[in-house]
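Letter by letter, the chains look like this.
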Amino acid sequence: MTNPHRIALLFNANKVYDRQVIAGIGHYLNSTRVEWDLFMEEDFRSRMRDIHQFKGDGVIADFDDPEAPEALRDLPIPVVAVGGSYHDPSAYPAGVPYIATDNARLVRLAYDHLIEQGLGRFAFYGLPPNPGSRWAQEREQAFRAIVEAEAVEATVYEGSPTSAGGWGEAVEELVAWLTALPKPIGIIATTDARARQILQACVIGDIPVPEQVAIVGIDNDPMAQLLTRIPLTSVIQGAEEMGRTAAHLLHQMLRGVDCSGTRVLVPPVGINVQVSSRYHPVRSPHVMRASHYIRQYGCLGIKTEQVADYVGVSRTVLEEHFKRELKQTVHQVILKHKLDAACDLIANSDTPLADIALRCGFTSLQYMYAVFRREYDCTPRQYLDLHRTAGAT
Amino acid sequence: MIVARQERSMPVSHATAWDHLPDGRPLHRWTLRNAAGAQVEISDLGGTLLSWQVPDRQGRLGEVLLGHATAQQYLDSNAYMGGIVGRWANRIRGGRFRLDGIDYRVDRNDGGNHLHGGTDGFHRQRWDVESDDGGLLLRLVSPEGDGGFPGEVRVELRVRLDDDGALDLRYAATSDAPTPLSLTAHPYFNLNDRRPDIRDHVIRIDADAFLAIDAGAIPVGRQEVAGSAFDFREAAPIGSRLHWPDPQLRLVGGFDHCYVPRGEAGAGPRVVAVVTEPSSGRRLTVETDRPGLQFYSGQKLTGQPGRHGDMYGPFAGFALETQAFPDQVNGPDAEGAILRPGTVWRQHTRYRIDTAG
């Protein structure tokens, strides 16, 4: 092949899911001897409208964009659609191969995880209907189908669209909804962004996570992780595999293979289990409230006294409850929280060790070294050499 | 009656009565345990892995192998469920091969081809089993002419369940006459005991090539995996790959192909495949020193009886069989698949199950 094919990728590359799809396309090209000239527009929406002027050979497009089916309908070159799955087969665009993230399996994985944690009540936090996010309705529908089939207690809340203007009011409503829910409860949020709103609302409403509300998001978005104080459990979509699949189908179509009837539903590839869903039935309300406080402020140098003050009992009473339920002192639980936070930063960030020590509530780098030696029999530097992933961002 | 106290530190098994052969001879099963609480059950019938219970992400024990309920079902089944397969794992074209100038015809039990040792392969025979250094030692003597193969073959298989979650299988075999030999274990895995379908499992296979097959599932040539549904060098869900338009997949309704894993065969076990199951968090790692890895996605398991009077459906389990290449005895490296007197044939394979994240 002398002239590489010119391929347009119509995606909103600002979102983690779209970026992973694009990465998957890149992996496919790297793994083969296929050479494509890839075209991506800064403003992908304008590209969608002007696509008929595109002098190229093929298109892979985000069909969650409501304009895509119409804009690409009569294009004389091969088009591969990427988007969310639909429970109603007639909702798929006709005559175009379609690579879908399997919304029903995403929700199922989140639900099964909450079941495994021992929860018996469930809620879904979705999005109000919008042509640009039909997948959110599909996820909500999948949730309704599961809880109906299993006859469990469940609620659905779509909330308000996320907009700066009405945000204050929306948070109040969200807090009110969360407060009124029977507890403990497991909540599936339709995205990590929505899950983050629940985490914020739980802080405002003083609702312990995960003891009263366990939360699972969808996307495993590093940005959402970064912006939450309580690490978020999240379902990982098979977005890279969707990209590989889309590239493979377009590759076949460019060779003349008819793929128009092909529909591939890609299930989730994992779930990143973090604190937000690690629900353990705890009997003592004192321990529950104390754990909630430690999870929020454990890295700010708090001491047992402050925890006891927050809970509203004496140090002695609190220590007794901790000993009975967790077989640990309050101090040990705070220290464990700081160490976990430090290990996470060491392994998954580029933050210098001295900054990590301070950010995790150690009074000095030397003190963090001492604690590491005592608890892990290694230095933070050795831990870093073992665990820091190459090229972590 | 005095009941023996169970020793935590003793992973070794004891024989318990299990079932009977049709002629009335008793069958037994042995249990291996490890420090993580996992346990494996093995029968003397076929050296069969009857059961393997492993903790999930929450530490809850669950079954990860498919299995039948009775010895009779194991004898009647054509799924090779959990058994040790020999003398020849996989297929031989037309059941024919030539060795040292002599033409041999072995059992043809798979549409005119030989499959998995023939009608009364190792998986249907009664093995001698004894405790051995914290594990089990399984022995079988395969007489001259067994399945049509030459020579008397003596097989020893040492099985251990290690504390890191690995089921460690070390095979050694000798023969008094030259014979093709390729043994494999044939467990079907489903790492999620709460869903009878493996299509959400995510598999990685460390192989740059696989053997393309004809309609009789006999290899016709080596093919690069790059750019095809067979490329699992980056982990991918099994189920969605089944929908890629690929004539090799359509031929057998899914995956039933031999991969050529990277790394040198015979130089100690190397990791050839890793399978994760998102819901349970369980992860299976396969290590072997064999040249070939057959990946079967279980599309033809429909109607196989389960342990509880249930029937398995398609894709109820998958198999990863470590072996020589299918029909290797009729290929350019036929000699590599021959066991000669005075030499010992060996295999070392580990199926390790732990939890990831």
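Every value quoted in this text rests on a predicted model; they were computed, and no experiment measured them.

A separate point is the overall build of chain B. A count of helices and strands for chain B gives three helices and 27 strands. Over its C-alpha atoms chain B spans a radius of gyration of 19 Å, differing by no more than 12% from the 21 Å that the globule rule assigns to 357 residues. Reported as C-alpha extents along the three principal axes, the dimensions of chain B are approximately 65 × 45 × 40 Å. Split into buried and exposed, the 357 residues of chain B put 60% on the buried side. Considering only contacts within chain B whose residues lie at least 6 apart along the sequence, 64% involve residues at least 24 apart. Of the accessible surface of chain B, which amounts to about 13,700 Å², a share of 48% is contributed by carbon and sulfur atoms. Side chains of chain B carry 40 positive and 47 negative charges; the gap between the two charge centres is 2 Å.

Here we come to the packing of aromatic side chains. All names here are of chain B. Taken as a whole and judged by the stated rule, the model has 31 aromatic pairs over all chains. A centroid spacing of 4.0 Å and a plane angle of 5° characterise the contact between F210 and F230, whose relative ring orientation is stacked. Taken together, the positions of F210 in strand 18 (residues 207–213) and F230 in the loop between strand 19 (219–224) and strand 20 (236–237) put the pair 20 residues apart, joining distant regions of the chain. The exposure class of F230 is buried, given its relative accessible area of 0%.

Our focus in this paragraph is the sheet that holds strand 5 (residues 98–101) of chain A. Hydrogen bonds along the backbone pair up the strands of a sheet, which may run parallel or antiparallel. Residue and element names in this part refer to chain A. Read from one edge to the other, the open sheet built from six strands follows the order 2-1-3-4-5-11, with strand pairing classed as parallel. Sheet topology places strand 2 (36–39) and strand 11 (263–266) at the edges, where each strand pairs with a single neighbour. Adjacent strand axes in the sheet meet at a mean angle of 20°, parallel and antiparallel pairs treated alike. Judged from the four bridges that link them, strand 1 (residues 5–10) and strand 2 form a sheet pairing that is parallel. Each bridged residue has a counterpart across the sheet, and for R6 the counterpart in strand 2 is D37.

Take unusual backbone geometry next. Peptide bonds are trans in most cases, and residues, glycine excluded, mostly fall at negative phi. Of the consecutive residues K183(A) and P184(A), the connecting peptide bond is found in the cis state with omega at -5°. Looking at the element boundaries, P184(A) is found in the loop between helix 6 (167–180) and strand 8 (185–189). With a phi angle near 65°, F315(B) is a residue other than glycine that sits in the positive phi range. In this structure, F315(B) sits in the loop between strand 24 (292–296) and strand 25 (319–323). Residue F315(B) is classed as buried on the basis of its relative accessible area, which comes to 10%.

Rules used throughout
- Residues numbered from 1 in each chain as written.
- Chains lettered and ligands numbered in written order.
- Predicted model: local features only at pLDDT ≥ 70, side-chain atom pairs only at ≥ 80, totals over all residues.
- Heavy atoms only, no water.
- Helix = DSSP H or I, 4+ residues; strand = E, 2+ residues; numbered from the N terminus.
- Rg over C-alpha atoms; globule rule 2.2 N^0.38 Å.
- Buried < 20%, exposed > 50% of the residue type's maximum accessible area, 1.4 Å probe, protein only.
- Contact = heavy atoms within 4.5 Å.
- Areas by Shrake-Rupley, 256 points an atom, 1.4 Å probe, with all protein chains shown as cover.
- Lys, Arg positive; Asp, Glu negative; His and termini not counted.
- Charge placed at Lys NZ, Arg CZ, Asp CG, Glu CD.
- Phe/Tyr/Trp six-rings, centres within 6.5 Å; stacked < 30°, edge-to-face > 60°.
- Pairing = 2+ DSSP bridges.
- Axes fitted to C-alpha atoms, helices over the stretch in contact; angles between N-to-C directions.

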